[in-house]
Amino acid sequence: MAEKFDVIIVGAGPAGSAAANVLAKAGLKVIMIERGEYPGAKNVMGGVLYRHQLQEIIPDFLDEAPLQRPIVEQRFWMLDENSAFQFGHKDLSWAKPPHNNFTVFRAQFDQWFAKKAVEQGALLVNETVVTEAIVEDGRVIGVRTDRPDGDIYADIVILADGVNSLLAKQLGFHKELKTSEVALATMQVINLPAEKIEDRFNLEPNQGATIEVFGDSTKGMVGTGFIYTNKDSISIGTGTLLSDLVKNNVRPHELLETFKQHPMVRKLIEGGEPKEYLAHLIPEGGYHSIPKLVGHGVMVVGDAAQLVNGIHREGSNLAMASGKLAAETAIMAKEVNDFSENVLDTYRIKLMESFVGQDLKKYKDATHMMAKQPQYFNEYLPLLNRAASEMFTVDGTSKWDKQKKIIGMVQERGMFKTAIDLYRMWKVMK
Ligand code: FAD
């Protein structure tokens, strides 16, 4: 008879390891199955990791987690061919504990986070692919793996297997993802000495900055470019809706190369030595794409549940929050010895009541609207840059006349159309 566990977790990313830490700490018998050579080996993120959710699971993480730089400045660029309308926020108190968020390398972070679960008593099995869920009388009772005699049984299975969750699909929890529901992100890590990074980004040692770049970074397609500072490297990437890439016949690696060559970007990475090139999908469907989250003996967490807030570049924190809530529900289910969908539904209710469900609900129509209305990226961002260039060019024209010229630019697009677009934007962001 195969060994039976309280909980099987499929995937050792932030969602899976969050669940494993909470469950193992509570004394449950947990196994985490990871297809990679080690946790994080196949995982990709920009990547900004948020303190709050991690600290709830590992209170003293600052002493040992493999972090790069605490972020003290977040900048936003509305990029055109030769100009950028910029804004941002810098808070030096974020340089000090408890900090706000950090850049990390997922290969290091995921390994550490999974190790913490193992220290609590969880069993981690690497290099093993879960091929299907074992279902009996409508209940998930275990998983089949690609190992010989690889069936494993448990009261509960937590699916933390990432964006394209084959197991959630097999269970009929979601259909094939549409190309408008995912972004394809490509990124590169570029080695650069720490002093150069600090000079170029106006930082002290052990301070970091992020730049989110809209507009020309994705050639007006729905998506962003990003530039994040690590200790002695820079992560740079672009992410665009897969549907837009297909429609415009753009190759993602070419988009990244063009972004790196942009005159405003080039100087930031000049002289750097490219280290790694990575690509991965990001769930972008938001609230409307959340699949069925719970069944008899099974819960879905993290990217597998499409829990990404693309507007705020948050995914890892939603993954950890959902993993923790699923684990707490599993602990409760174990106490009452009932693993039915009815009992596990507590996870769905708590998730939707938490910041995860609330934030995804707030922006539920944002990505869909922008995908359907490309003018926000390919017309308004250039217009914003033209208006700013007009206002800041000192050429003997009065500021009243400049204002009139800018109004004329908006009139070219149509005042009514613009008013409708502004209203639409307010409606999906409010
Ligand atoms: P994943 O991290 O994808 O982990 C899933 C795990 O399951 C993997 O380890 C995988 O190997 C394993 N697995 C999959 N299938 C199987 C199987 N059948 N059997 C066994 N194991 C399996 N989020 C942020 O918060 N901040 C950022 O700055 C940010 N930037 C990003 C930049 C990029 C380029 C990308 C792609 C994503 C970014 N995200 C960011 C999103 C973030 O990475 C995800 O939301 C987060 O990793 C989700 O965690 P997860 O554990 O649910 O899934």
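Note that residues are indexed from 1 along each chain, following the sequence as it is written. Two thresholds apply to this predicted model, a pLDDT of at least 70 for residue-level local features and 80 or more for giving and counting side-chain atom pairs, whereas whole-chain, interface and lining totals are computed over all residues. Side-chain calculation: all heavy atoms of the structure are included, whereas hydrogens and water are not.

As annotated in an unreviewed UniProt entry, the protein carries the name Nitrogen fixation protein FixC and comes from Vulcanibacillus modesticaldus. UniProt positions are given in the numbering used here, feature names are shortened, and annotations may be inferred rather than shown by experiment. Annotation of the protein in UniProt includes, under Cofactor (unreviewed entry), the sentence "FAD". Quoted verbatim from the Sequence similarities (unreviewed entry) field of the UniProt record, the comment on the protein reads "Belongs to the ETF-QO/FixC family."

Here we come to the overall build of the protein. Helix and strand labels come from DSSP, where a helix needs a run of H or I of at least four residues and a strand needs a run of E of at least two; each type is numbered from the N terminus. Summing up its helical and strand segments, the protein has 15 helices and 17 strands in all. The C-alpha atoms of the protein give 23 Å as radius of gyration, which agrees with the globular expectation for 430 residues (22 Å, within 12%). Dimensions along the principal axes, computed over C-alpha positions, put the protein at roughly 85 × 50 × 35 Å. Note on classification: 1.4 Å probe, protein chains only; a residue is buried when its accessible area is under 20% of the maximum for its type, exposed when over 50%, partly exposed between these limits. Going through the 430 residues of the protein one by one, you find that 53% of them count as buried. Within the protein, contacts between residues at least 6 apart in sequence are counted, and of these 72% link residues at least 24 apart. On the protein, roughly 19500 Å² of surface is accessible, and the fraction owed to carbon and sulfur atoms is 52%. Looking at charge distribution, the protein has the averaged site of its 49 positive side-chain charges lying 6 Å from that of its 55 negative ones. The reference for a compact globule is 2.2 Å times residues^0.38; the radius of gyration itself is calculated from the C-alpha atoms. Only heavy atoms matter for contacts: two residues are in contact if any of them lie within 4.5 Å across the pair. Here the open area of atoms and residues is found with the Shrake-Rupley method and a 1.4 Å probe, where only the protein chains shown may cover a residue. In summary, the charge assignment counts Lys and Arg as positive and Asp and Glu as negative, without counting His or the chain termini. Throughout, a charge is located at the NZ atom of Lys, the CZ atom of Arg, the CG atom of Asp or the CD atom of Glu.

This brings us to a nonpolar patch on the surface. Patches here: salt-bridge-free residues with over 30% relative accessible area, like charges joined within 9 Å, nonpolar side chains (Val, Leu, Ile, Met, Phe, Trp, Tyr) joined within 5 Å. Salt bridge, as used here: a side-chain nitrogen of Lys or Arg that lies within 4 Å of a carboxyl oxygen of Asp or Glu. On the surface, a nonpolar cluster with roughly 240 Å² of combined accessible area is contributed by Phe 85, Phe 87 and Leu 384. Inspection of the secondary structure puts Leu 384 in helix H13 (residues 375-392). Leu 384 gets classed as partly exposed once you look at its relative accessible area, which sits at 32%.

We now examine the domain arrangement of the protein. Structurally, the protein comprises domain 1 (4-68 + 104-175 + 288-353), domain 2 (182-283) and domain 3 (367-429). Here the limits of each domain have been adopted from an automatic or database domain assignment. Each of domain 1 and domain 3 has a C-alpha centre, and these two points are 44 Å apart.

Our focus in this paragraph is the UniProt feature "domain: FixC-like C-terminal" (unreviewed entry) in the protein. Those residues carrying the UniProt feature "domain: FixC-like C-terminal" (unreviewed entry) are residues 367-430 in this numbering. Between the first and last C-alpha atoms of residues 367-430 the distance is 14 Å; the span itself is 84% helix and 0% strand.

What follows concerns H13. Working rule for helices: expected span equals 1.5 Å times residues minus one. Relative to the 26 Å expected for 18 residues at 1.5 Å per residue, H13 spans 24 Å between its end C-alpha atoms, a close match to the ideal helical length. Listed as buried for H13 are Gln 375, Tyr 376, Phe 377, Tyr 380, Leu 381, Leu 383, Asn 385, Ala 387, Ala 388 and Glu 390.

This paragraph deals with the pattern of salt bridges. Scanning the entire structure with this criterion turns up 33 salt bridges. A salt bridge links Asp 345 to Arg 348, with the nearest nitrogen and oxygen atoms 2.8 Å apart. Residue Asp 345 and its partner Arg 348 are both found in helix H10 (residues 341-353); the two are separated by three residues, about one turn of the helix. Three or more residues are tied together by salt bridges with common partners; here these are Lys 4, Asp 6, Asp 155 and Lys 334.

Another point: the layout of surface pockets. Computed from the structure, the second largest pocket encloses a volume of approximately 220 Å³. The distinction between a cavity and a pocket rests on a 1 Å grid over the protein atoms alone: a 1.4 Å probe fits inside a cavity but cannot get out, while a pocket stays open yet meets protein on both sides within 12 Å along at least five of seven lines, and a residue with an atom within 4 Å of a point counts as lining. Taken together, 19 residues make up the lining of the second largest pocket; nearest its centre are Phe 105, Arg 106, Ala 107, Glu 276 and Leu 278. Elements with a minimum of two residues in the lining of the second largest pocket: helix H3 (106-119), strand E11 (182-191) and strand E15 (273-283). Nonpolar residues are Ala, Val, Leu, Ile, Met, Phe, Trp, Tyr, Cys and Pro. Charged residues are Asp, Glu, Lys and Arg, and all others, Gly as well, are polar. The residue makeup of the lining of the second largest pocket, split by class, is nine nonpolar, six polar and four charged. Split by domain, the lining of the second largest pocket shows at least three residues from each of two domains, domain 1 (4-68 + 104-175 + 288-353) and domain 2 (182-283). Grid points are joined across faces, edges and corners, and a volume is the space filled by probe spheres set on the points.

A few words on the pairing of strand E1 (residues 4-10). Extensive coverage of E1 is indicated by the burial of six of its seven residues. Pairing between E1 and strand E10 (residues 151-159): six bridges, direction parallel. Bridging from a neighbouring strand, Phe 5 pairs with Ala 154 of E10. Strand pairing is assigned whenever DSSP identifies at least 2 bridges connecting the two strands. One ladder, built from four bridges, connects E1 with strand E2 (residues 30-33); its direction is parallel. Bridge pairing links Ile 8 to Ile 31 in E2. Since E1 and E2 lie parallel, the crossover through helix H1 (residues 14-25) that links them has a hand, and here it is right-handed. We call a crossover right-handed when, viewed with the strands running away from us, the connection from the first strand over the helix to the second turns clockwise.

So, about the environment of Glu 314. Within the secondary structure layout, Glu 314 lies in the loop between strand E17 (298-300) and helix H9 (316-336). Taking relative accessible area as the criterion, Glu 314 reaches 16% and is therefore assigned buried. Sequence-wise, Glu 314 and Gly 302 are 12 residues apart; in three dimensions their C-alpha atoms are separated by 11 Å. At a separation of 2.8 Å, a polar atom in the side chain of Glu 314 contacts the side chain of Asn 317. Within 3.5 Å is the distance limit for a polar contact, defined as a pair of N or O atoms, with the added protein rule that one can donate a hydrogen and the other accept it, and that residues adjacent in sequence qualify only through two side-chain atoms.

A separate point is the site of the ligand. Lining the immediate surroundings of the ligand are 36 residues, of which Glu 34, Val 48, Arg 106, Asp 303 and Ser 316 lie closest. Between the ligand and Ala 160, the relevant distance is 3.5 Å, taken from an oxygen atom to a main-chain nitrogen or oxygen of the residue. For the ligand, the accessible surface in isolation is 1000 Å², of which the surrounding protein chains cover 95%. Going through the elements one at a time, H1, strand E3 (48-50), E15 and H9 are the ones with two or more residues in the shell around the ligand. Ranked by residue count, the leading element in the shell around the ligand is E15, at three residues. The residue makeup of the shell around the ligand, split by class, is 18 nonpolar, 11 polar and seven charged. The residue makeup of the shell around the ligand includes at least three contributed by each of domain 1 (4-68 + 104-175 + 288-353) and domain 2 (182-283). Throughout, near means a residue has at least one heavy atom within 4 Å of the molecule or strand.

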